[in-house]
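Residue-level structural notes
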Amino acid sequence: MPLRSDRLAAWARTFAVQGSWNYGTLVGTGIAYAMLPLLRRIYAGDPVRLREAVERSMGAFNGHPYLCAMAVSALGRLEQEGTDPEKIEKFRTALRGPLGTVGDRAVWAQWRPVCLLVGILAFVLGAGPVWSAAIFLVLYNAGHFIIRTWAFLAGWEAGLSVGRLLKGVWFERWSGRLWPLNLLLTGAVAVLLSARLMAGQVEAISSIAVLGLGSVTALAAFRFPRQGGHMAAVLLMLAAVLWFVGGLLG
Amino acid sequence: MSWTDLYLGPGTWILAVAAGSAVGMDAVSWPQVMISRPLVSATIGGLLLGNPAAGMLVGAVLELYAMRHPPLGASRYPDTGPAGLVAGAAFAAVGGQALGALLLALAIGWALGWIGAVTVHVRRRVNERIMSPASELAADPGLLEQRHRIAIGLDALRGGVLVASFLIPAVLATSLGVGTGPSAVGGYALVALVLGIAASAGSAARVSAFGIRGWPLLLAGGGAAALLLLGGLP
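Fair warning: this is a prediction, and the values are worked out from it, not measured in the lab. (Residues numbered from 1 in each chain as written. Chains lettered and ligands numbered in written order. Predicted model: local features only at pLDDT ≥ 70, side-chain atom pairs only at ≥ 80, totals over all residues.)

**Thoughts on the overall build of chain B**
Our working definition: For the purposes of this entry, the term helix denotes a DSSP run of H or I that reaches at least four residues, the term strand denotes a run of E that reaches at least two, and both are numbered from the N terminus. Here a residue counts as buried when 20 or more other C-beta atoms sit within 10 Å of its C-beta, as exposed when there are 12 or fewer, and as partly exposed otherwise, the C-beta atoms being derived from the backbone. What counts as a contact here is a pair of residues whose C-beta atoms, placed from the backbone, lie within 7 Å.
A tally of regular secondary structure across chain B gives 9 helices and 0 strands. Beginning at the N terminus, the succession of helices and strands in chain B can be written as α-α-α-α-α-α-α-α-α. Judged by the C-alpha coordinates and their principal axes, chain B covers about 70 × 55 × 25 Å. Scored against the burial criterion, the 234 residues of chain B give a buried share of 57%. Of all intrachain contacts in chain B linking residues separated by at least 6 positions in sequence, the fraction that spans at least 24 positions is 77%.

**Observations regarding the packing of helix 3 (residues 52-66) of chain B against helix 5 (residues 99-130) of chain B**
All names here are of chain B. Our working rule: Axes, fitted as lines to C-alpha atoms, cover a helix only where it is in contact. Angles between the N-to-C directions of the axes lie from 0 to 180 degrees. Here the angle decides the label: under 35 degrees means roughly parallel, over 145 means roughly antiparallel, 65 to 115 means roughly perpendicular, and every other value means oblique. Crossing handedness is defined as follows: a turn of the near helix away from the far one that is anticlockwise and smaller than a right angle gives a left-handed crossing, while the clockwise case is right-handed.
In contact at an axis separation of 10 Å, helix 3 and helix 5 are set at 40° when each is read in the N-to-C sense. As the angle between them shows, helix 3 and helix 5 are arranged oblique. The hand of the helix 3/helix 5 crossing is right-handed. Across the interface between the two elements, Val58, Val61, Leu62, Tyr65 and Ala66 of helix 3 pack against Leu102, Ala105, Leu106, Gly109, Trp110 and Gly113 of helix 5.

**Looking at the interface of chain B and chain A**
Using the following cut-off: Under the convention adopted here, Pro, Cys and the residues Ala, Val, Leu, Ile, Met, Phe, Trp and Tyr are nonpolar, Asp, Glu, Lys and Arg are charged, and Gly plus all remaining residues are polar.
Across the contact, 97 residues belong to chain B and 93 residues belong to chain A. Secondary-structure elements contributing two or more residues to the side of chain B that touches chain A are helix 2 (38-48), helix 3, helix 5, helix 6 (134-139), helix 7 (141-175), helix 8 (184-208) and helix 9 (215-230) of chain B. No other element matches the 25 residues that helix 8 of chain B contributes to the side of chain B that touches chain A. Each residue belonging to the side of chain B that touches chain A can be placed in one class, and the counts come to 66 nonpolar, 22 polar and 9 charged.

**Remarks on the environment of Gly229(A)**
Summarising the element assignment, Gly229(A) is placed in helix 11 (residues 225-249). Owing to 20 C-beta atoms within 10 Å, Gly229(A) belongs among the buried residues under this scheme. For the pair Gly229(A) and Gly97(A), spaced 132 residues apart in sequence, the C-alpha to C-alpha distance is 28 Å. Each residue touching Gly229(A), except ones within four places of it in the same chain, is listed here: Arg68(B), Ser200(B) and Ser203(B).

**What about the domain arrangement of chain A?**
Inclusion rule: Annotation comment: domain bounds sourced from an automatic or database domain assignment.
Considered domain by domain, chain A is made up of domain 1 (4-176) and domain 2 (208-250). The C-alpha-based centres of domain 1 of chain A and domain 2 of chain A are spaced at 39 Å.

**Some thoughts on the nonpolar core**
Definition in use: Definition of nonpolar core: a set of buried Ala, Val, Leu, Ile, Met, Phe, Trp, Tyr and Cys residues joined via C-beta atoms within 7 Å.
Judged by nonpolar contacts, the single largest core of 163 residues is most densely connected at Ala239(A), Val58(B), Val86(B), Ala87(B), Ala90(B), Leu103(B) and Leu106(B). Per-element accounting of this core gives the leading share, 15 residues, to helix 5 (residues 85-124) of chain A. Counting residues domain by domain, this core receives three or more from each of domain 1 (4-176) and domain 2 (208-250) of chain A. Excluding anything up to four places from it in sequence, Ala87(B) contacts Ala42(B), Val58(B), Leu62(B), Ala105(B), Leu106(B), Ile108(B), Gly109(B), Leu112(B) and Ala170(B).

**Comments concerning the environment of Met35(A)**
Residue and element names in this part refer to chain A. Along the chain, methionine 35 turns up in helix 2 (residues 28-42). Owing to 26 C-beta atoms within 10 Å, methionine 35 belongs among the buried residues under this scheme. Here the alpha-carbon distance between methionine 35 and tryptophan 11, two residues 24 residues apart in the chain, equals 8.8 Å. Among residues more than four places away in sequence, those in contact with methionine 35 are Ala10, Ser57, Val72, Leu75 and Gly76.

**Looking at the packing of helix 3 of chain B against helix 4 (residues 80-93) of chain B**
All names here are of chain B. In contact at an axis separation of 8 Å, helix 3 and helix 4 are set at 145° when each is read in the N-to-C sense. In the packing of helix 3 onto helix 4, the handedness of the crossing is right-handed. Counted together, Ala54, Gly55, Val58, Gly59, Leu62 and Ala66 of helix 3 and Thr80, Gly84, Ala87, Gly88, Ala89, Phe91 and Ala92 of helix 4 form the full contact between these two elements. Along the lines of polarity and charge, the residues of the contact of helix 3 with helix 4 split into 8 nonpolar, 5 polar and no charged.

**A few points about the confidence of the model for chain B**
In plain terms, the rule: pLDDT is a residue-level measure of predictor confidence that goes from 0 to 100.
Per-residue pLDDT for chain B averages 93, and the proportion of residues at 70 or more is 95%. Model confidence for the complex: the whole-complex pTM is 0.96, and ipTM, which rates the interface, is 0.96.

Written out as structure tokens, the structure reads:
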């Protein structure tokens with residue numbers, strides 16, 4: 001039976017779960033790396049079974065990196081309970097999809113953007129840059145650590161039943177309510193940041209006209225995000241070129 | 001600004017390379033606390049050159065550009081840690097004031113993000129070799145741990161090499177934007193930058209939105225900010 005210190009070591013290793021991410025096994029080798037403190041305890045004195053367990057833990061796996069903590073502990077629990085290897089393999093396969101989808105929706109699509117936007121908003125409203133960065137890092141990582149730790153503990157407790165836990169999981173429900181705030185903040189940050197860049201630079205340009213053009217551009221990019229991203233890159237390069245052409249022409 | 005006016009001490013350069021390793025590694029390998037986001041890495045770059053506000057101004061714009069690329073599965077996305085650090089440091093190094101320098105720093109940061117993405121792709125391929133054959137690693141868990149840590153170390157090295165290679169060229173290139181004043185044509189450059197920010201914000205917003213139904217909120221956020229500005233917000 002893994003000790004509390006083994007579980008703590010495995011949890012700590014989940015921070016490096018993507019350390020050897022590759023196109024062959026994706027995060028699979030990282031899962032095995034994080035599980036090793038558990039596997040060594042479970043199969044202490046039995047190198048053959050340890051080798052077999054490590055080999056099946058290294059198989060292809062994918063999932064959101066924070067929620068991989070759930071896979072690490074749940075798979076460790078199954079190993080500890082002596083679950084049939086075929087059943088473990090089926091479980092791994094079944095877990096891949098939800099761990100990716102839930103994490104991507106909750107963390108990458110909602111929690112990270114809202115925290116970043118709060119950090120930028122703090123900066124454009126006058127907070128110091130170090131404070132603004134700190135606001136983002138503390139806020140974001142509070143959520144990060146809570147989700148990672150919950151995932152690890154829940155995986156260990158639930159074992160095979162983690163699938164049920166992931167259906168409508170609390171942080172997905174909670175973060176799912178953030179999307180209106182994300183959109184409001186994105187619009188506000190774009191305007192405030194633009195105003196800061198324009199302040200005192202070129203008086204001849206009408207702010208109202210730029211606001212109108214910017215609104216149309218933002219809405220077009222919102223409707224067609226891929227093309228909007230390309231357009232944003234072209235406009236950035238165009239801005240640098242125009243500035244220097246203007247300089248050359250006097 | 002003359003190139004001879006610039007001074008980037010060896011101590012600062014070494015610190016920047018070390019910070020580049022940290023932010024390069026953070027994005028994927030360890031510990032994913034998001035110091036790799038341009039908002040943070042560019043501020044670190046600015047801080048190292050004595051002007052964190054200049055760094056964050058660059059980082060905030062690059063952040064809007066980066067937000068539309070969530071790291072889903074094996075997708076490719078800009079490697080914003082070293083890129084943000086270099087761009088923020090470059091703008092801070094040349095005074096953190098000139099709009100021409102800001103435009104160059106932003107263009108460099110954006111381009112370097114995609115150069116970094118190529119190195120991430122190469123690293124994924126290298127990891128495939130490092131982490132095989134599976135049977136050998138399974139037979140010796142200590143070797144598995146060692147290889148995994150080597151892979152993390154290589155990622156740190158990758159970030160450090162990017163900063164080491166591009167920091168001085170970026171500072172020199174950004175310095176070309178100092179002293180080039182606004183002109184009639186140059187004014188349009190600012191408009192292009194603002195529209196670029198609008199386009200990046202619009203496309204980034206779709207990452208969080210469920211479909212296209214949220215567009216009035218995007219507009220309302222922008223409108224509320226404009227009203228705040230009209231009301232005298234600094």
